[in-house]
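These are the residues of each chain, in order.
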Amino acid sequence: MPDPILEIRDLHAATAGKEILRGLNLTVRAGEVQAIMGPNASGKSTLAYVLAGREGYEVTAGTVRYEGKDLLIMPPEERAREGLFLAFQYPIEIPGMTTLHFLKAALNTIRKHRGLEELDAIDFLALVKERAHLLDVDADFLNRPVNAGFSGGEKKRNEILQMAFLDPKLAILDETDSGLDIDALKIVARGVNVMRSQDRAMLLITHYQRLLNFVVPDYVHVLLNGRIVKSGGKELALTVEERGYGWLEEPHARISEEKTAP
Amino acid sequence: MATEDWIQDLPPHEYKYGFTTEIEAETAPPGLNEDIIRLISAKKNEPAFMLEWRLKAYHHWLTMQEPQWAKIHHPPIDYQAIVYYSAPKTERRPKSLAEVDPLLLATYRKLGIPLSEQEVLTGVAVDAVFDSVSVATTYKEHLAKLGIIFCAFSEAVQNHPELVQKHLGTVVPYSDNFFASLNSAVFSDGSFCYIPKGVRCPMELSTYFRINAPRIGQFERTLIVAEEGSYVSYLEGCTAPMRAEHQLHAAVVELIALDRAQIKYATVQNWYPGDSEGQGGIYNFVTKRGICAGVDSRISWTQVEVGSAITWKYPSVVLRGDNSIGEFYSVALTTHRQQADTGTKMIHIGRNTRSTIVSKGISAGYAQNTYRGLVHILRKATGCRNYTQCHSLLLGDRCGAHTFPSIAVHNASSQVEHEASTTKIGEDQIFYCRQRGLSAEDAVSLIVNGFCHEVFRELPMEFAVEAQKLLNVRLEGTVG
């Protein structure tokens, strides 16, 4: 069995003074695709942001090891350079910078960090074309400012293209499938399937099991109230689809929620 | 660091041009009166028409009030506390570079403006203005062979008085505005440039302004005349030492383009901006205007404004000749407590005249950045067009961007377009970039440089690179 890329132990995290993750455990190994499902407000995006190092998300207890190193002490750009990639649920618009320019700067920063030579404009463009072709993504948005005025589908395609481009060791896709029509969903699924490899781990965070019709995960976990309450194979996703999340809720957790409600 | 504080804790300005030169200077006592004006005129051995003009300007200035309409704030300026004349002491005016005080040459070398011609950027002729006087002009002889006159303003008054008398004040009259009138009364030097008919100036002409002495106000005047069918590209740069008190810089630039002539005028303004609390820095109150006097003439202003505590300037074009073209490309960056109120006026008088305005304002820290523009198309100016693009970028949430566009079109056959946007670069954009491996500083620099791209490409190549570097230096520490 390969060494874990990501090891999360008893993770507690809070944002805006409210505890969201309440003792989460998860191990992801190279070559694996794992899915994390959960209803709204279960802590899915908080997990993604904590792993990526976003400000405003405070880890109050627990550890996260990334390739054996303490992930939580690294600044966000260091995590990215070490191969952690987050596909955003809501990709951010950056006016004034073309997607191409942005990708080139990001790629060369990461290549430099890995001791590789920076790509010049010509090699870079060749790589863009190759990756766009591989993913069957129309790359016409490359000359437009990053995500500015992009449709929802274009933004998600852009995230998948960036993932393919930056060649991460751990890719976290935060609800990349949400709000997409079936064609866009297939592009995302194709991206995941093409990128699936022995040296890469992928964490698919999703609300619905739709994406899992096209991507077969090695494991499925259900996240509820900041904790993984059930793990299983791909059939768990189908059960959730059928029965919803209610049957998995821990009675005591519900009661405590009700108690704190105003 | 909490999200809302990400941009507030800026380190102090890194201003590497803040040194002073210990050079013996001949300095007039502070204060403004007829005697000082007579002294300046006498020092420069000026013909009578110049003194007369200065005095007219002075008496007119006395009747004027400082303008209050700009969106800038500063304590009252004591015009009697300013020194109106200071010049490095030399036995006599140096005839060649070999005679220029080595201390001055060293100063310019330190500023990255070498004045010995072997070292000068190829293809750039430089006029160096130190406090109140021009200390050196390079490539003069070379240019003279083509009939081009490029020299200190005071020298032009001596050697080409007829040209000076004919054109001085024809674009910016001495009564134009408070600061222009003050300049007309006390200006001490600047650059003069004359391109004869049909000549294409083969090199970039450039003036480098340096304020050195304390309490000095720099009042320079630049006059560029491009005769029929001629072409010139001109660049000015500015720096000053770091001083705790504010210093006044009130310049006037006049451009005249005759039939089919073209003038490109670029500015990289990096006066000392003051410290992070707003102590010290230059008040940059400048009047710049060009007239497209002839048919098919063209004037372009390109400015990169990163320095000064306060910038107040509106490089404008009067489009009198039919089919003439006016352009204004501007990047104004304000950080810490800097204030900029800048923009342009395009006055369409001739038929089928066209103008383009591209303004990019960037604010960080507690800075305030204002675009103020006027597009005026007169009744008889039929078939005119204007395109205006005015974009503001905010870094953080304590700075401000303001836009005051005025458009007046007096005929039905002209077209104007105005496009404007304000965007904020906040924590989420920075985080997105960091998640892709970029440091926060690289992210800001990439965003800002991308934002300014349309303006930078109007600059001559070497200067575009310089401008980009300068912007990066000034942006250092704008993210926490």
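Residues numbered from 1 in each chain as written. Chains lettered and ligands numbered in written order. Predicted model: local features only at pLDDT ≥ 70, side-chain atom pairs only at ≥ 80, totals over all residues. Heavy atoms only, no water.

(A) Summary view of the overall build of chain A. Broken down by element type, chain A carries 8 helices and 12 strands. Relative to the compact-globule value of 18 Å for 262 residues, chain A shows a C-alpha radius of gyration of 18 Å, a close match. A principal-axis box enclosing the C-alpha atoms of chain A has dimensions of 60 × 45 × 40 Å. Burial statistics for chain A: of 262 residues in total, 52% are counted as buried. (Helix = DSSP H or I, 4+ residues; strand = E, 2+ residues; numbered from the N terminus. Rg over C-alpha atoms; globule rule 2.2 N^0.38 Å. Buried < 20%, exposed > 50% of the residue type's maximum accessible area, 1.4 Å probe, protein only.)

(B) Local environment of the layout of surface pockets. In this model, the second largest pocket occupies a volume close to 570 Å³. Around the second largest pocket sit 27 residues that line it, and B:Asn449, B:Gly450, B:Phe451, B:His453 and B:Glu454 are the ones nearest its centre. Elements that contribute at least two residues to the lining of the second largest pocket include exactly β7 (94-98) of chain A together with β21 (385-395), β23 (415-425), α9 (440-456) and α10 (461-475) of chain B. Residue composition of the lining of the second largest pocket, by class: 12 nonpolar, 12 polar and 3 charged. (1 Å grid on protein atoms, 1.4 Å probe; cavity = no way out; pocket = protein on both sides within 12 Å on 5 of 7 lines; lining within 4 Å. Points joined across faces, edges and corners; volume = space filled by probe spheres on them. Nonpolar A, V, L, I, M, F, W, Y, C, P; charged D, E, K, R; others polar.)

(C) Representation of the nonpolar core. Ranked by size, the top nonpolar core spans 72 residues in total, and within it A:Ile8, A:Leu51, A:Ile172, B:Ile362 and B:Val448 carry the most contacts. Beyond its immediate stretch of four places on either side in the chain, A:Ile8 contacts A:Leu24, A:Asn25, A:Leu26, A:Leu47, A:Leu51, A:Thr63 and A:Val64. Residues B:Ala87, B:Ile149, B:Cys151 and B:Phe178 belong to the second largest nonpolar core, which totals 52 residues. (Core = buried A, V, L, I, M, F, W, Y, C linked by side-chain atoms within 4.5 Å. Contact = heavy atoms within 4.5 Å.)

(D) View of unusual backbone geometry. All names here are of chain A. The phi dihedral of alanine 16 falls on the positive side, at around 50°, and the residue is not glycine. One can find alanine 16 in the loop between β1 (4-15) and β2 (18-29). Not every positive phi belongs to a glycine, and glutamate 67 is a case in point at roughly 50°. Counting through the fold element by element, glutamate 67 comes out in the loop between β4 (57-66) and β5 (69-70).

(E) Expanded view of the interface of chain B and chain A. Of the residues lining the interface, 22 residues belong to chain B; the matching set on chain A comes to 33 residues. Roughly 2,300 Å² of surface becomes buried between chain B and chain A when both sides are summed, with 62% attributable to carbon and sulfur atoms. When the area that chain B buries against chain A is broken down by residue, the three leading residues are B:Phe431, B:Tyr432 and B:Arg436, summing to 33%. The interface formed by chain B and chain A includes 3 salt bridges. Across the salt bridge formed by B:Arg434 and A:Glu77, the nearest N and O atoms sit 2.6 Å from each other. Linking chain B with chain A are 12 residue pairs in polar contact (both at pLDDT 80 or more), by the criterion used here. For the side of chain B that touches chain A, the secondary-structure elements that each account for two or more residues are β23, α8 (427-435) and α9 of chain B. No other element matches the 8 residues that α8(B) contributes to the side of chain B that touches chain A. Residue classes in the side of chain B that touches chain A are distributed as 11 nonpolar, 7 polar and 4 charged. (Buried area = accessible area lost by both parts, 1.4 Å probe. Salt bridge = Lys/Arg side-chain N within 4 Å of Asp/Glu carboxyl O. Polar contact = N/O pair within 3.5 Å; in protein donor to acceptor, adjacent residues only side chain to side chain.)

(F) Broad picture of the sheet that holds β2(A). Residue and element names in this part refer to chain A. Sheet architecture is open: 4 strands sit in the order β2-β1-β4-β5, paired in antiparallel fashion. Edge positions in the sheet fall to β2 and β5, since each of these pairs with one other strand and no more. In this sheet, β2 lies alongside β1 in antiparallel orientation, the contact comprising 9 bridges. Bridge pairing in β2 links leucine 6 to valine 28. (Pairing = 2+ DSSP bridges.)

(G) Local environment of a nonpolar patch on the surface. Together, B:Ile407, B:Val409 and B:Val416 make up an exposed nonpolar region whose accessible area comes to about 200 Å². Locating B:Val416 in the fold gives a position in strand β23. (Patch = residues over 30% accessible without salt bridge, like charges linked within 9 Å, V, L, I, M, F, W, Y side chains within 5 Å. Areas by Shrake-Rupley, 256 points an atom, 1.4 Å probe, with all protein chains shown as cover.)

(H) Broad picture of α8(B). Burial within α8(B) is extensive, with 8 of its 9 residues counted as buried. In the segment just after α8(B), B:Gly437 is the residue with positive phi, at about 100°.

(I) Structural detail: the confidence of the model for chain B. All names here are of chain B. Per-residue confidence for chain B gives a mean pLDDT of 84, with 81% of residues at or over 70. Taking the mean pLDDT of every element in chain B, the minimum, 63, falls on strand β4 (residues 133-137) and the maximum, 98, on strand β16 (residues 316-319). Confidence drops under pLDDT 50 across residues 1-12; counting only partners more than four residues distant or on other chains, this segment forms 32 contacts. A low-confidence stretch, residues 118-122 stays under pLDDT 50, and its non-local contacts, those more than four residues away or across chains, total 8 contacts. (pLDDT = per-residue confidence, 0-100.)

(J) Fine view of helix α6 (residues 182-195) of chain A. All names here are of chain A. For α6, built from 14 residues, the straight-helix expectation of 20 Å at 1.5 Å per residue is met to within 8% by its first-to-last C-alpha distance of 20 Å. Within α6, burial applies to Ala184, Leu185, Val188, Ala189, Gly191, Val192 and Met195. Viewed end-on, α6 has its buried residues packed into an arc of 155°, placing them on one side of the element. Its buried side turned inward, α6 meets α4 (121-135), α5 (152-166), β9 (170-174) and β10 (201-206). Structurally, the start of α6 carries an N-cap: the backbone nitrogen of aspartate 183 is 3.2 Å from a side-chain oxygen of aspartate 181. (Expected span 1.5 Å × (residues − 1). Arc of directions from axis to C-beta.)

(K) The arrangement of the sheet that holds strand β6 (residues 84-87) of chain A in detail. All names here are of chain A. Strand order in the open sheet made by the 6 strands is β6-β9-β10-β3-β11-β12, with mixed pairing throughout. Since the sheet does not close on itself, it has two edges, and those belong to β6 and β12 (227-232), each with one partner. On average, adjacent strands in this sheet sit at an angle of 20° to one another, irrespective of strand direction. One ladder, built from 5 bridges, connects strand β11 (residues 219-224) with β12; its direction is antiparallel. Bridge assignment links histidine 221 to a residue of β12, and that residue is serine 231. (Axes fitted to C-alpha atoms, helices over the stretch in contact; angles between N-to-C directions.)

(L) Fine view of the packing of α5(A) against α6(A). Residues and elements named next belong to chain A. With their axes 10 Å apart at the nearest point, α5 and α6 run at an angle of 10° to one another. Comparing their axes, α6 and α5 come out roughly parallel. Taking contact as the criterion, the partners of Lys156, Arg157, Ile160, Met163 and Ala164 in α5 are, on α6, Ile187, Val188, Gly191 and Met195. Its residues assigned to classes, the contact of α5 with α6 comprises 6 nonpolar, 1 polar and 2 charged. (Parallel < 35°, antiparallel > 145°, perpendicular 65-115°, else oblique.)

(M) View of the pattern of salt bridges. Applying the stated criterion across every chain, the model contains 26 salt bridges over all chains. Between A:Arg9 and A:Glu7 there is a salt bridge; the shortest N-O distance is 3.7 Å. Judged by its relative accessible area of 35%, A:Arg9 is partly exposed. By relative accessible area, which is 25% here, A:Glu7 ends up partly exposed. Its salt-bridge partner being B:Arg436, residue A:Glu159 comes within 2.7 Å of it at the nearest N-O pair. Here B:Arg436 lies in the loop between α8 and α9 and A:Glu159 lies in helix α5, a pairing that spans two chains. In this pair, the class of A:Glu159 matches that of B:Arg436, namely buried. Ionic contacts of the salt-bridge type, sharing partners, join the residues A:Arg144, A:Glu154 and A:Arg157 into one network.

(N) View of the packing of helix α3 (residues 99-113) of chain A against α4(A). All names here are of chain A. Interaxial distance between α3 and α4 falls to 11 Å at its minimum, and their mutual angle equals 105°. Classified by the interaxial angle, the pair formed by α3 and α4 is roughly perpendicular. Counting all contacts with α3, which are made through Leu100, Leu103, Lys104 and Leu107, the residues of α4 involved are Ala121, Phe124, Leu125, Leu127 and Val128. A breakdown of the residues in the contact of α3 with α4 according to their chemical character gives 8 nonpolar, no polar and 1 charged.

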